[in-house]
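Fold and contact review
Chain residues, written in single-letter form:
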Amino acid sequence: MSTARAVAPGRVNLIGEHTDYNRGLCLPFAIPLATTATVTAREDRRLRVTSDSGEPWEGTLGEKPTGWASYVAGVLWALTESGWDVPGLDIALTSTIPLGGGLSSSAALECSVAVAVGGLLGEPLDRRAVAEACRRAETEYVGAPTGGVDQLASMLATPGHGVLIDFADPTAPVATNVPLDLAAAGLTILVTDTGVRHALADGDGGYAQRRAEAEAGMPNRVRHVRTENERVRATVAAVEAGDWTGVGTLLTASHVSLRDDYEVSVRELDLTVEAALEAGALGARMTGGGFGGCAISLVHEGRAGVVRNDIDAAYAAAGLPRPVHHQVVPAEGARSIT
Ligand code: GLA
């Protein structure tokens, strides 16, 4: 029985939030937190999926599961639609990405499964096509109205680089890898997981509502998209110029816009940003869809501990449970492993 294995990373979006489905610009990078999928071909048409962070699911290929397993079935559906001859499979998933925490645990799951199945079938790895199949799995099969940045980030990222994605033509986004050598600049990104959870597929509907409001032309939503696109361009220019103070200022401005114009922040995210800035971060913002999840702070490596402690102290003073932190730099995209 043949087996294949692949790993796909989560992502942090450095800047360019809620712009992907608004024909705009994003600048994500892959993080070292990742999901690993091990797939084994079966003789029958059964699908059996297990995960280290959810209930197992078993059914027949083509049957639609509920819950997290629908992301797996959605990927197999999309790959079959794109012409792959997907057999019955046993799929085992393990992940170091917090689920529903704004670090693209869903995209990592989708991409790890797709790359592993491709390896099993001996399909050449077309990264763009895999990202598109995974986006279709999420939007058309699972029904989460997301915009595609997460899957492209997981598939196209390279170490030490951000992925600048232009969604001007949503059917053919243009992606460019831009150097983002934080380590060489003595900088790091501190990711703070607020512990507040969102659900893009069902949940409180905030994400779908914002998407509809932006599409309907609501002025403050549209203003966020316009100014955020300008900030992404300015960030790329500042990174190229080595102006990290400028990058930090743009990150913080992005947060203010997401908080006041797009209205997708929550108290815990605002508190994290304020505490990080007071502790000496160059800039800070929520990352991902919002309504919970994670904030990022751009900090000097030597300052990360202080920023982390001060954020914890701010949570304690506000009577909130202690957040979880991860220190990250741009990592590698999805790949087959042995
Ligand atoms: C979620 C979605 C993405 C994107 C971000 C907001 O992560 O999956 O497509 O819209 O929110 O930038």
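Residues numbered from 1 in each chain as written. Predicted model: local features only at pLDDT ≥ 70, side-chain atom pairs only at ≥ 80, totals over all residues. Heavy atoms only, no water.

**Side note on unusual backbone geometry**
One can expect most non-glycine residues to show negative phi and most peptide bonds to be in trans. To keep things clear, this is the line we draw: Buried means the residue's accessible area, taken with a 1.4 Å probe over protein chains only, is under 20% of the maximum for its type, while exposed means over 50%, and partly exposed covers the values in between. Runs of E in the DSSP output that reach at least two residues are strands. Runs of H or I that reach at least four are helices, and both are numbered from the N terminus.
Although it is not a glycine, histidine 18 sits at a positive phi angle of roughly 60°. Relative accessible area serves as the criterion here: at 4%, histidine 18 is assigned to the buried category. The phi dihedral of phenylalanine 291 falls on the positive side, at around 60°, and the residue is not glycine. Mapped onto the elements, phenylalanine 291 comes out in the loop between β9 (283-287) and β10 (294-300).

**Observations concerning helix α1 (residues 69-81)**
Put simply, the rule reads: Multiplying 1.5 Å by the residue count of a helix minus one yields the expected span of that helix. Working rule for contacts: check all heavy atoms of both residues, and any pair within 4.5 Å makes them a contact.
In a regular helix each residue adds 1.5 Å, so 13 residues correspond to 18 Å; α1 covers 18 Å between its end C-alpha atoms and thus fits that length. Considered for burial, the residues of α1 that qualify are Ala69, Ser70, Tyr71, Val72, Ala73, Gly74, Val75, Leu76, Ala78 and Leu79. In this fold, the buried residues of α1 make contact with β3 (46-51), β4 (54-60), β5 (89-95), α2 (105-121) and α3 (127-142). Glycine 83 sits one or two residues past α1 and shows a positive phi near 105°.

**Let's talk about the domain arrangement of the protein chain**
Using the following cut-off: The domain limits used here are those given by an automatic or database domain assignment. Here's the idea: put two parts together, see how much 1.4 Å probe accessible area each one loses, and the total over both is what we call buried area. Salt bridge, as used here: a side-chain nitrogen of Lys or Arg that lies within 4 Å of a carboxyl oxygen of Asp or Glu. Polar contact criterion, stated in full: a pair of N or O atoms within 3.5 Å, where within protein one must be able to donate a hydrogen and the other to accept it, and residues adjacent in sequence count only if both atoms are side-chain atoms. Lys, Arg, Asp and Glu make up the charged group, whereas Ala, Val, Leu, Ile, Met, Phe, Trp, Tyr, Cys and Pro make up the nonpolar group; the residues left over, Gly among them, are polar.
Each assigned domain of the protein chain is listed with its residue range as follows: domain 1 (3-178 + 332-337) and domain 2 (180-328). Facing the 38 residues of domain 1 at the interface are 40 residues of domain 2. When domain 1 packs against domain 2, the two sides together hide about 3,000 Å² of surface, and 69% of this comes from carbon and sulfur. It is Leu14, Ile15 and His18 in domain 1 that bury the most area against domain 2; as a group they hold 22% of the surface buried on that side. Glutamate 17 is paired through a salt bridge with arginine 285; the nearest N and O atoms lie 2.7 Å apart. Remark: the boundary between domain 1 and domain 2 carries 18 residue pairs in polar contact (both at pLDDT 80 or more). Counting residues per element, the ones that place at least two in the side of domain 1 that touches domain 2 are β1 (3-15), β2 (25-41) and β6 (161-166). Its residues placed into classes, the side of domain 1 that touches domain 2 shows 20 nonpolar, 15 polar and 3 charged.

**A closer look at the site of the ligand**
Rule in force here: To be near a molecule or strand, a residue needs just one of its heavy atoms within 4 Å of it. Accessible surface is estimated by sampling points in the Shrake-Rupley manner with a 1.4 Å probe; for residues, cover comes only from the protein chains shown.
Surveying the vicinity of the ligand reveals 14 residues, the closest of which are Glu17, His18, Asp20, Asp150 and Tyr207. Residue glutamate 17 places a side-chain N or O atom 2.6 Å away from an oxygen atom belonging to the ligand. The backbone of glycine 147 places a nitrogen or oxygen atom 2.8 Å from an oxygen atom of the ligand. For the ligand, whose accessible area on its own is 310 Å², the fraction buried by protein is 97%. Its residues assigned to classes, the shell around the ligand shows 4 nonpolar, 6 polar and 4 charged. Here the shell around the ligand spans two domains, since at least three of its residues come from each of domain 1 (3-178 + 332-337) and domain 2 (180-328).

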